[in-house]
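# Residue-level structure breakdown
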Amino acid sequence: MSTVSVNAWMQAAFAVITAEADHLTRLDSAIGDGDHGLNLKRGFQAVVAKLATDSDGLPPGRRLILAGKTLVSTVGGASGPLWGTALRRAGRSVGDAETLDGPALADALDAALAGVVELGSAEVGDKTMVDALTPATHALRAAVEAGKPLADALSAAAEAAAEGARSTVPMQARKGRASYLGERSIGHEDPGAASTVLLIAALGRALED
Ligand code: ADP
Ligand code: MG
């Protein structure tokens, strides 16, 4: 059965965030303060470095918690605490399990989403990362429960996240910095939803047999 490697996920996340940092920054320049690409790049770079030195012998849940703590302590913007909380909650839900298989990952994403919602109190429709993470979580759970291979389940999750991110374009932001713009936030994709697509897609590049 396929499982996900936390270290490979974080490496894939860092790679894709680095490749797309300018794009994320442009999205955040339109409706925020233009730091989103840099925030996440700095954060995931620190996560990769931390895991490289400190994760030997740790089960996946502990690795996720370490990654989350590192994000919180290295990212100043809203996305640091939000993704940091997400990964810490995911890690706690995994507990001491030895591998991150489909059912464990579905539970972990549920816990991550619950953590983000608890911290930021955004709902679907508020034009935030929640608009991408919610459908991704639901799609992963549905595919895992239908018995799909994990690779297919993760593709479905990434597609659902992308659709969720596209759905933020016509929304008016009700949370975060973009909400200060009122109606002027309409017509732009939310940067946090866009980066969530990348982070979920990175899961699919972290599969091992
Ligand atoms: P900042 O807004 O502090 O500059 P970033 O630019 O790194 O932080 O991240 C902005 C993203 O964070 C937004 O695009 C949005 O997706 C997400 N975000 C902001 N506030 C919230 C919130 N309350 N709940 C969920 N996500 C949020
Ligand atoms: Mg910003």
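Residues numbered from 1 in each chain as written. Chains lettered and ligands numbered in written order. Predicted model: local features only at pLDDT ≥ 70, side-chain atom pairs only at ≥ 80, totals over all residues. Heavy atoms only, no water.

A tally of helices and strands in the protein chain yields nine helices and two strands. Written out in order from the N terminus, the α and β elements of the protein chain read β-α-α-α-α-α-α-α-α-α-β. Its C-alpha atoms give the protein chain a radius of gyration of 16 Å, within 12% of the compact-globule value 17 Å for 209 residues. On the principal axes, the C-alpha backbone points of the protein chain span a range of 50 × 40 × 30 Å. Expressed as a percentage of its 209 residues, the buried residues of the protein chain come to 52%. Taking the intrachain contacts of the protein chain between residues at least 6 apart in sequence as the baseline, contacts between residues at least 24 apart amount to 69%. Total accessible area on the protein chain stands at roughly 9200 Å², and carbon and sulfur atoms take up 51% of it. (Helix = DSSP H or I, 4+ residues; strand = E, 2+ residues; numbered from the N terminus. Rg over C-alpha atoms; globule rule 2.2 N^0.38 Å. Buried < 20%, exposed > 50% of the residue type's maximum accessible area, 1.4 Å probe, protein only. Contact = heavy atoms within 4.5 Å. Areas by Shrake-Rupley, 256 points an atom, 1.4 Å probe, with all protein chains shown as cover.)

We now examine the coordination of the magnesium ion (ligand 2). Taken together, D28 (OD), D33 (OD) and D35 (OD) make up the full set of protein donors to the magnesium ion (ligand 2), lying 2.0 to 2.2 Å away. We note that the donor set of the magnesium ion (ligand 2) lies within a single chain, spaced as D-x4-D-x1-D. (Donors = N, O, S within 2.8 Å, 3.2 Å for Na, K, Ca; no water.)

Once that is clear, we can look at the site of ligand 1. Around ligand 1 there are 20 residues in total, and N39, A78, S79, D190 and G192 lie nearest to it. Between ligand 1 and the protein, one listed contact pairs an oxygen atom with a side-chain N or O atom of D33 at 3.0 Å. M129 places a polar main-chain atom, nitrogen or oxygen, 3.0 Å from an oxygen atom of ligand 1. Of all the secondary-structure elements, those providing two or more residues to the shell around ligand 1 are α3 (36–54), α5 (79–94) and α9 (191–203). (Near = heavy atom within 4 Å. Polar contact = N/O pair within 3.5 Å; in protein donor to acceptor, adjacent residues only side chain to side chain.)

This brings us to the nonpolar core. Taken as a class, soluble globular proteins show a tendency for nonpolar side chains to be buried jointly. V4, W9, M10, L140 and I200 are the most contacted members of the largest nonpolar core, which totals 60 residues. When residues no more than four places from it in sequence are discounted, the contact partners of I200 are L109, L133, A136, A157, A158 and A161. (Core = buried A, V, L, I, M, F, W, Y, C linked by side-chain atoms within 4.5 Å.)

Side chains bearing opposite charge may pair, as long as their charged atoms lie close to each other. Counted under the stated rule, the structure contains seven salt bridges. Here D110 and R141 are joined by a salt bridge, their closest N and O atoms 2.6 Å apart. In this pair, D110 sits in helix α6 (residues 102–120) while R141 sits in helix α7 (residues 130–145), placing the two residues 31 residues apart along the sequence. Residue D110 is classed as partly exposed on the basis of its relative accessible area, which comes to 30%. Linking R174 and D126 is a salt bridge whose minimum nitrogen-to-oxygen distance equals 2.7 Å. Of the two residues, R174 sits in the loop between α8 (150–167) and α9 while D126 sits in the loop between α6 and α7, which places them 48 residues apart along the sequence. What you see here is one network of salt bridges that share partners, running through D107, D110, R141 and E145. (Salt bridge = Lys/Arg side-chain N within 4 Å of Asp/Glu carboxyl O.)

Let's shift gears to unusual backbone geometry. Even without glycine at this site, S121 takes up a positive phi of about 45°. Of note, S121 is situated in the loop between α6 and α7. Unlike most non-glycine residues, K127 shows phi in positive territory, near 65°. The topology assignment puts K127 in the loop between α6 and α7. Its relative accessible area of 1% is what places K127 among the buried residues.

Before going further, it helps to spend a moment on the environment of A194. Structurally, A194 can be placed in helix α9. Along the chain, A194 and G176 lie 18 residues apart, while their C-alpha atoms are 15 Å from each other. Beyond its immediate chain neighbours, meaning those up to four positions away, A194 contacts L24, L27, A165 and E189.

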